[in-house]
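Here's the letter readout for the chains.
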Amino acid sequence: MASEKTVLGIESSCDETAAAIVRIDEEGRGRILSDVVLSQVAEHAPFGGVVPELAARAHLHHVNDIIRRAMEGAEMDWAGIDAVAATSGPGLMGGLLVGMMSAKAIALARKVPFLAINHLEAHALSPALVEGLSPPWLLLLVSGGHTQLLAVEGPGSYRRYGTTIDDALGEAFDKVAKMLGLGYPGGPAVEKLAASGDAARFSFPRPMKGREGCHFSFSGLKTAVRTAILGLEGLTEQDRADICASFQRAVAETLADRLGRACARYRAEHPAETSPTVVIAGGVAANRALRASLEAEAAAHGFHLAAPPPHMCTDNAAMVAWAGALRLAAGTKGDPLSTPARARWPLDPRAEPAIFAGVKA
Ligand code: KG4
Ligand code: ZN
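In this report, the structure presented in the accompanying data block is examined. Being a predicted model, the structure only gives us computed values, none of them experimental. Position numbers for residues start from 1 in each chain and track the written sequence from start to end. Think of it this way: whatever chain is written first is A, whatever ligand is written first is 1, and the rest follow in order. Given that the model is predicted, a residue must reach a pLDDT of at least 70 before its local features are reported, and side-chain atom pairs must reach 80 or more before they are shown or counted; all residues, however, enter totals for whole chains, interfaces and linings. Computation of side-chain values: all heavy atoms of the structure, hydrogens and water removed.

**Points about the packing of aromatic side chains**
Selection criterion: Stacked, tilted and edge-to-face are the three classes assigned to paired rings of Phe, Tyr and Trp, where Trp is represented by its six-membered ring and a pair needs centres within 6.5 Å; plane angles under 30 degrees give stacked, over 60 edge-to-face, the rest tilted. Think of it in three bands: with a 1.4 Å probe and only protein chains considered, a residue is buried below 20% of the maximum accessible area for its type, exposed above 50%, and partly exposed in between. Counting from the N terminus, the helices are the DSSP runs of H or I reaching at least four residues and the strands are the DSSP runs of E reaching at least two.
Tallying each qualifying case throughout the model produces four aromatic pairs. Aromatic side chains Phe-202 and Phe-204 sit 5.6 Å apart centroid to centroid with 5° between the ring planes, which places their arrangement in the stacked category. Classification of Phe-202 by relative accessible area gives buried; the value is 14%. For the pair Tyr-266 and Phe-303, a centre-to-centre distance of 5.7 Å together with 65° between the ring planes defines the contact as edge-to-face. Here Tyr-266, found in helix H8 (residues 237-269), pairs with Phe-303, found in the loop between helix H9 (288-300) and strand S10 (304-306); they are 37 residues apart in sequence, far enough to count as distant. By the burial criterion, Tyr-266 is buried, and Phe-303 matches it.

In structure tokens, the structure reads:
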């Protein structure tokens, strides 16, 4: 590579407004110079989930200040920025437009390239920034919006092994928490309560377990939880804990089953790799019980499990700046300022659709 490059990244695809500055050096190593994330959790909590219109307004309200803080945190002036990268999909349209318009305005004013970044690609490539890993690796991305198994071959090159045919896993955690009156976001609350529960009390289904392929489904499990709640006359604290523990156990077994199949496929497609890596990312990857079960499954297949620190697993702009920096280092001149936001933007357009009981994902 010719010289080091410094990229401003902006993330606004869901309910985090974030900006970060990342530098890539001549050897292709990355360094985070600043990383600012503003979570809108408190704004959405009364509604039990992200409200797109509220999210868009909050992004617009905060984005300039977050960018200013990222610039100050890196002690950077505009002359030091070589490109501006913004998440351009997939995600909520209103939020994407806010981040993209900010990035385009800066790019136009400063005469530097604008880079439209795929949010999933940013998650997929972040282990190279924080863990110093080099592709390929197998990625399990489990967040409020995504549940995917992907072989990450390198920037721009992905094979999707599996996706969810209905709810994302984080969404299932949030819905179960809502049914139990635990508040939003539900995942951490479910994990906490599960620690004092009996995971054997309710025999919830393990959706897709034992099936061919690597796809996921969580709506049946959610319905089973609802049915169990309706079958009890009022919920005691112990009932709640037992439901959380039983639900989490069902999720852990399902994830392990799907991961095991993905490991086998990855091995067959990468015969030269002696010590392959599984990376887990997304908010749900913060769950310790799930991590433990995934780690055991990965080890059983001879894989090493890498889990970036929680703040890099969840939505942030450092991963967006990094995805942009990699493209810049590879010689891109940037994307047109007419680039649209994309609510859907699959990483592997050739992936066969997940079809189960007539439903496509
Ligand atoms: O990646 P993330 O911060 O945001 C996006 O969805 O993009 O993920 C948030 C999701 C929420 O659904 C939240 O309930 C879930 O991750 N989550 C957890 C845990 N912490 C966060 N789920 C299970 N266990 C946790 N400890
Ligand atoms: Zn995300």
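**Some points on the sheet that holds S10**
We count it as follows: Strands are treated as partners if at least two bridges between them are detected by DSSP. Only the stretch in contact is used when fitting a helix axis, every axis being a line fitted to C-alpha atoms; angles between N-to-C directions are given from 0 to 180 degrees.
Taken together, five strands build an open sheet; the order of strands is S8-S7-S6-S9-S10 and the sheet is mixed. Each of the sheet's edge strands pairs with one partner strand only, and the pair in question is strand S8 (157-163) and S10. Ignoring strand direction, the axes of neighbouring strands in this sheet form an average angle of 25°. Here strand S6 (residues 137-142) pairs with strand S7 (residues 147-154) via six bridges, running antiparallel.

**Some words on H9**
Spelled out, the test is: Multiplying 1.5 Å by the residue count of a helix minus one yields the expected span of that helix. Each direction from the helix axis to a C-beta atom contributes to the arc, which is the arc of those directions. Any pair of residues with heavy atoms lying within 4.5 Å of one another is described as a contacting pair. Polar contact criterion, stated in full: a pair of N or O atoms within 3.5 Å, where within protein one must be able to donate a hydrogen and the other to accept it, and residues adjacent in sequence count only if both atoms are side-chain atoms.
With 13 residues, H9 extends 18 Å between its outermost C-alpha atoms, agreeing within 8% with the 18 Å of an ideal straight helix rising 1.5 Å per residue. All of the buried residues in H9 are Leu-290, Leu-294 and Ala-298. Buried residues in H9, looked at end-on, bunch into an arc of 65°, giving them a common side. Residues of H9 that are exposed and angled more than 90 degrees away from the buried face: Arg-288 and Ala-300. In this fold, the buried residues of H9 make contact with S6, helix H5 (169-179), H8, strand S9 (277-281) and S10. Here H9 starts with a cap whose side-chain oxygen sits 3.0 Å from the backbone nitrogen of Ala-289, and that cap is Asn-287. Within two residues after H9, Gly-302 carries a phi angle of roughly 80°, on the positive side.

**Concerning the site of ligand 1**
Formally: Only heavy atoms are used to decide nearness, and a residue is near a molecule or strand if one of them lies within 4 Å of it. Residues are grouped as follows: nonpolar covers Ala, Val, Leu, Ile, Met, Phe, Trp, Tyr, Cys and Pro; charged covers Asp, Glu, Lys and Arg; every other residue, Gly included, is treated as polar.
The local shell around ligand 1 holds 17 residues, among which Gly-144, Asp-174, Glu-191, Gly-283 and Asp-315 are the closest. Contact distances for ligand 1 include 3.1 Å between an oxygen atom and a backbone N or O atom of Gly-170. In this structure, an oxygen atom belonging to ligand 1 sits 2.7 Å away from a side-chain N or O atom of Asp-174. Mapped by element, the contributors of at least two residues to the shell around ligand 1 are H5 and helix H6 (186-194). With four residues, the single largest contributor to the shell around ligand 1 is H6. Class assignment of the residues belonging to the shell around ligand 1 gives a composition of four nonpolar, 10 polar and three charged.

**Quick look at the coordination of the zinc ion (ligand 2)**
To keep things clear, this is the line we draw: Distances define the donors: N, O and S atoms within 2.8 Å of the metal qualify, as do those within 3.2 Å of Na, K or Ca. Water is excluded, so some sites may look unfinished.
Ligation of the zinc ion (ligand 2) by protein atoms is provided by His-119 (NE2), His-123 (NE2) and Asp-315 (OD), these donors lying 2.1 Å from the ion. Each donor residue of the zinc ion (ligand 2) belongs to the same chain, with the gaps between them written as H-x3-H-x191-D. You can see His-123 sitting in helix H4 (residues 119-130) and its partner Asp-315 sitting in the loop between helix H10 (310-313) and helix H11 (318-329), a full 192 residues away along the chain. Across this residue pair, the class does not change: His-123 and Asp-315 are buried.

**Section: the side chain of Asp-15**
To keep it simple, the criterion reads: When charges are tallied, Lys and Arg are placed among the positive residues and Asp and Glu among the negative ones, while His and the ends of the chain are skipped. Any carboxyl oxygen of Asp or Glu that lies within 4 Å of a side-chain nitrogen of Lys or Arg is treated as forming a salt bridge with it.
Following the sequence through the fold, Asp-15 ends up in the loop between strand S1 (5-11) and strand S2 (16-24). The side chain of Asp-15 sits in the buried core without any salt bridge; Lys-178 is the nearest counter-charge, 14 Å away. In contact with Asp-15, other than residues within four places in its own chain, are Leu-38, Ser-39, Gln-40, Val-41, His-44, Val-50, His-59 and Tyr-184.

**A few points about the sheet that holds strand S3 (residues 30-39)**
The strands that make up a sheet pair up through hydrogen bonds in the backbone, lying either parallel or antiparallel. The strand order S3-S2-S1-S4-S5 describes an open sheet built from five strands, whose pairing is mixed. Two strands lie at the open edges of the sheet, namely S3 and strand S5 (114-118), each paired on one side alone. The average undirected angle you get between the axes of adjacent strands in this sheet is 20°. When S2 meets S3, the two strands line up antiparallel, connected through nine bridges. Considered in S3, the bridge of Ala-20 is made with Asp-35. Sheet strands touched by helix H3 (residues 93-110): S1, strand S4 (83-89) and S5. Its angle to S4, the strand with the most contacts, is close to 160°.

Read these as layout, nothing more, since geometry by itself doesn't imply function.
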